[in-house]
Every structure is written in structure tokens, then in C-alpha cells.
Amino acid sequence: MDSVIHAQQISFHRHGERVFVPTNVALMPGQLCLIRGQNGSGKTTLLRLLAGIVHPSEGSIARHGSVAFIGHRPGVKKDLTALDVLKFYAEFAGADPLYGAMSPQAALHAAGLARQARQRAGQLSAGQRQRLGLARLLVAPKTIWLLDEPYTSLDADGCAWVDGLLDQHLALNGSVAVAAHVYQPKLNAPTDVLDVQPGAQHA
Amino acid sequence: MTKRHPLRALLRQDLQRAWQHGGQSLLPLIFLFAVIAMIPLGLGPGPNLLAMIAPGMIWVAALLASLLALEGVFRPDLDDGTLEQWWVDDQPVLALICIRLGSHWLISALPIIVATPIAGEMLYLPAEALGLLMLTLLIGTPILSLIGALAAALTIQARQGSALLGLLIFPLTVPVLIFATGAVSAHLDGLTARPYVLLLISLFVLAATLVPLAIKKALQLNLE
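Remember, predicted model here, so these are calculated numbers, not experimental data.

**Q** Explain the overall build of chain B residue by residue, including any values.
**A** Broken down by element type, chain B carries nine helices and zero strands. The secondary structure elements of chain B, listed N-terminal to C-terminal, are α-α-α-α-α-α-α-α-α. Against the 2.2 N^0.38 benchmark of 17 Å for 224 residues, chain B shows a C-alpha radius of gyration of 19 Å, consistent with a compact globule. Looking at chain B residue by residue over its 224 residues, the buried ones come to 40%. Within chain B, residue pairs in contact and separated by at least 24 positions form 80% of the contacts whose partners lie at least 6 positions apart.

Encoded structure:
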């Protein structure tokens, strides 16, 4: 099978310096790629490159499939209710026909936020907001999931829920790239580890 | 399976949020009427004088209302991480920018245009100038939204962005103000307003074709 993301020797330059050492990424269907690295090593930048939000300063990227990206800011409008946030993403991003989309209500239920449906996202706790951000993977499912520190602020239940989501998606031949530096996903699917090396430093 | 309609979704969300922030959305109107109620107190209520300055006053109110709403055009979206979603999965970024500009205009300028007949009446604006004044507002306020949004996109990361915004925008809006109020005074003086209106239209066409592209580039630079 062909890779859904194929990146060759990509890197990004900021202020004339490489953020990380040029890296190859080959993400296969049904595969999880765990992106590791110290703080500031460029994990976030690499994910944003893979998502297409920024363009690589060197190297090339080819994508085959729909993409969902969840950054460290979960993309949740604080003045909307939890339900309206998911309704927005269902319409804004749409669902890839390869995967079954949940209704916003069902997704809230799955995320453990059923009782918070009518609450404004600003009133939710950080962990609940993170769950809400991740729940859009259910209302607007995509082939390639690019998740930047998805376990941030989640409790043990939340981490297990995310692991379950990942396993389910990988079982459906979806692909996931996760940047995580503390929690390690506990999954059944094959996991590939990519270590990001910070770019050359000035002496 | 749900098909995606990003433009519709964004427009709906923008209007929904404006509706929820009822007080904030009424700000342009409150502004307009505050200006109009204060001017006669400062200048004296002579009908001739008020009629003369009415177009300018209404235009200044429109300009300030447009500026007030600019803080919310892109910055909140950058802060909460929704802006970067515009660049994911081949979304039509340019069209999304135009939708956002459109909702800025609907929220900040349309209420003023709708309220102009009342404001004109309060300032003894001659009835025959009203239509023309509304026409200049209709052509000119989108230019204000375009210029303002470009400045907002450029200063999105800057601290004290709003002060910078004002400095950047006011000089650029001068031609709009001159042609718009010039059209109305020419008409009141018995001359033709045509050249002024045509100049306004050409300014609008110029801004509408170039500015969205520049905004896209500016936002992209700020996402890096």
C-alpha cells in the first residue's frame, strides 16, 4: 500500500536557521507515527508542515487523503456552546465519505460531555475543552489525523478515550501522527517512532 | 455522511456570534447616534450648519464603527486556534477571508447604512441628498472593511495592535472619505456627483481585487 503522507527531507527555517534536522516521514494506512523530541525541538512545526499550514523551506510533501489537524490550541470558540462548536465543524470541515460521521450530540456523548452540551466552551475546564476539540474527529472524520499533544490536560479516562479513538481509526486503515512527550499511547496497532532533532544551533 | 460547506458554516457562525454579543453588535449604532446627538450640542442647532456637516458626520461615525469591530476580525481566531484550520485540508482560504470580510461589513457598516435616513433627518440633511449619501456609504464602507482587515491581518501578532491599527488605517481611508463626502456636497451645490461616485467605485474594485490576496499572505506569514 502507498503512504498517505510522504515527506522527503523536509525542514523549516525560522530567522534563517533550521528548526529541525531535515526529516523523512512516510505515513502508511493503518499506521501510527509517534513524533518525539524535547521541548522546542520542532514537533509542532513538523506537524504543521505535514498539515499544510506552513510550507517547508526545503524538501517536499505529498498527501493522499483528507487531513484533520488538532493543534495545541484546540480550535474551540469560547463563546459558543459545546454543541455549536461541533455543529460548526461538521459543516465547516465535513466528513470524509470513507468514514462514518457521528452526529454532534453523539460525539459529545462519546467525549463524556453530554451534560455540557449547552454550556459555553469558555466555561469548560481545560481538559473538557481538549475533549471537545478532539470530538471533532468524530463529527468530521478524515483519513489522516495530525494531533499535537492530544493528551494535554486529559485525565486517565480521557487518555484512555483518546487511545480508543486512535485504535478504532487505525483499525479502519486511517493514519495518525501524534506528537506527545509525556504520555505514551497504549495501542494495539503498529507504532512507528520519529525522533525530531533540533536544527543546528549557533555556537 | 455530511458534505462540507465551509463558507456557509463560517458565515453562520460569525452572524450567530454577533447575535449572541447583542450589546457589542449594537455598538456601531450607538456610536452613530452618540455622534449625531452630541454635534448639535457643540455647534448649535442651526439647520444650515448641520445640513452642511451631516454627510461628513455620518461618514466619520461609519469609519469609527468599522475600526471598532476590527479587533475581532482575525485575532480571536488566531488565539483560539481556529484560524489555522482554514489552511488545513484544502479549504478555500481566499473565499473564507472574503466571508469574514463580508460579516465584518454586515456587522459594522450595514446597521449604519440602514439608520442613515433617521440620522439624516436629525441633522436636517436635505432629502434629495439622502439617496446619494446612502449610495456612497454602500460603495465606500466595504473599502473601509477591506483596508481595515488588511491592517488587522498585518498587526495580528503585534502588541498594542489596536493603536497601530488606527495609525495604519486612517491615512488610507482619506480618499474614501474625500470622494464620498465630495459627491454629496457636489450634489447639494447643483453639480454632478458622477465623477466622485465613479472614483469610489474604482477604489472599491481595486481594493476588492488586491486586498484579499494580501490578507491571505499576511495571515500566512503570521501562522509561521
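**Q** Just give me the short version of the sheet that holds strand β6 (residues 58–63) of chain A, but keep the residues and values in it.
**A** All names here are of chain A. Here three strands make up an open sheet; going across it, the order is β4-β1-β6 and the pairing antiparallel. Of all strands in the sheet, those with a lone pairing partner are β4 (23–27) and β6, marking the two edges. The sheet shows a mean angle of 10° between the axes of neighbouring strands, taken without regard to direction. Across four bridges, strand β1 (residues 5–11) lies against β4 in antiparallel orientation. The partner of H6 across the bridge, within β4, is A26. Relative to the sheet, helix α1 (residues 43–51) contacts β1, β4 and β6, its axis offset from that of β1 by approximately 130°.

**Q** Go over the nonpolar core with me, naming the residues and quoting the values.
**A** Judged by nonpolar contacts, the single largest core of 123 residues is most densely connected at L50, A135 and L146 of chain A together with L150 and A153 of chain B. No other element matches the 13 residues that helix α7 (residues 127–154) of chain B contributes to this core. In this structure L150 of chain B touches V211, A214, I215 and A218 of chain B, once residues within four positions along its chain are discounted.

**Q** Quick rundown of the interface of chain B and chain A? Include the residues and the values.
**A** Contacts between chain B and chain A engage 22 residues on the former and 26 residues on the latter. The element that contributes the greatest number of residues to the side of chain B that touches chain A is helix α1 (residues 6–20) of chain B, accounting for seven residues. Residue composition of the side of chain B that touches chain A, grouped by class: seven nonpolar, seven polar and eight charged.

**Q** Now, about the environment of S202 of chain B: what can you tell me, with residues and values included?
**A** Relative to the helices and strands, S202 of chain B is located in helix α9 (residues 194–223). Residues S202 of chain B and R17 of chain B, 185 residues apart in the sequence, show an inter-C-alpha distance of 33 Å.

**Q** Hey, could you go over unusual backbone geometry for me, with residue numbers and the actual values?
**A** One non-glycine residue, N173 of chain A, lies in positive phi territory at about 70°. One non-glycine residue, Y124 of chain B, lies in the positive phi region at around 60°. By the element assignment, Y124 of chain B lies in the loop between α6 (110–122) and α7.

**Q** Pulling in residues and values, what's your account of the environment of H169 of chain A?
**A** All names here are of chain A. Counting through the fold element by element, H169 comes out in helix α5 (residues 156–171). When the 24 C-beta atoms within 10 Å are taken as the criterion, H169 is described as buried. The spacing of H169 and K87 is 82 residues in sequence and 21 Å in space, taken between C-alpha atoms. Sequence-distant contacts of H169, defined by excluding residues within four places in its chain, comprise W145, G174 and V176.

**Q** Summarise the packing of helix α8 (residues 161–188) of chain B against α9 of chain B; cite the residues concerned and give the values.
**A** All names here are of chain B. Contact pair α8 / α9: the axes reach a minimum separation of 8 Å and the direction vectors enclose 155°. By the angle between their directions, the pair α8 and α9 is classed as roughly antiparallel. As α8 packs across α9, the resulting crossing turns out to be left-handed. Across the interface between the two elements, P175, V176, F179, A180, G182, A183 and A186 of α8 pack against Y196, V197, L199, L200 and L203 of α9.

**Q** Any details on the sheet that holds strand β5 (residues 32–36) of chain A? Residues and values, ideally.
**A** Residues and elements named next belong to chain A. The five strands lie next to each other as β7-β8-β9-β5-β10, forming an open sheet whose pairing is parallel. For this open sheet the edge positions go to β7 (67–70) and β10 (191–195), each flanked by a neighbour on one side alone. Strand-to-strand twist across the sheet, computed as the mean angle between neighbouring axes with direction ignored, equals 15°. As paired elements, β7 and strand β8 (residues 144–148) share four bridges and run parallel to each other. Bridged to I70 within β8 is L147.

**Q** So what about the confidence of the model for chain B? Which residues, and what values?
**A** Fine structural detail should not be taken from predicted coordinates in areas where pLDDT scores are low. Across chain B, the average pLDDT comes to 91, with 99% of residues at or above 70. Across the whole predicted complex the pTM is 0.92, and at the interface the ipTM reaches 0.91.

Here is what the cut-offs are and how they apply
- Residues numbered from 1 in each chain as written.
- Chains lettered and ligands numbered in written order.
- Predicted model: local features only at pLDDT ≥ 70, side-chain atom pairs only at ≥ 80, totals over all residues.
- Helix = DSSP H or I, 4+ residues; strand = E, 2+ residues; numbered from the N terminus.
- Rg over C-alpha atoms; globule rule 2.2 N^0.38 Å.
- Buried ≥ 20, exposed ≤ 12 C-beta atoms within 10 Å, placed from the backbone.
- Contact = placed C-beta atoms within 7 Å.
- Pairing = 2+ DSSP bridges.
- Axes fitted to C-alpha atoms, helices over the stretch in contact; angles between N-to-C directions.
- Core = buried A, V, L, I, M, F, W, Y, C linked by C-beta atoms within 7 Å.
- Nonpolar A, V, L, I, M, F, W, Y, C, P; charged D, E, K, R; others polar.
- Parallel < 35°, antiparallel > 145°, perpendicular 65-115°, else oblique.
- Left-handed = near helix turned anticlockwise from the far one by under 90°.
- pLDDT = per-residue confidence, 0-100.

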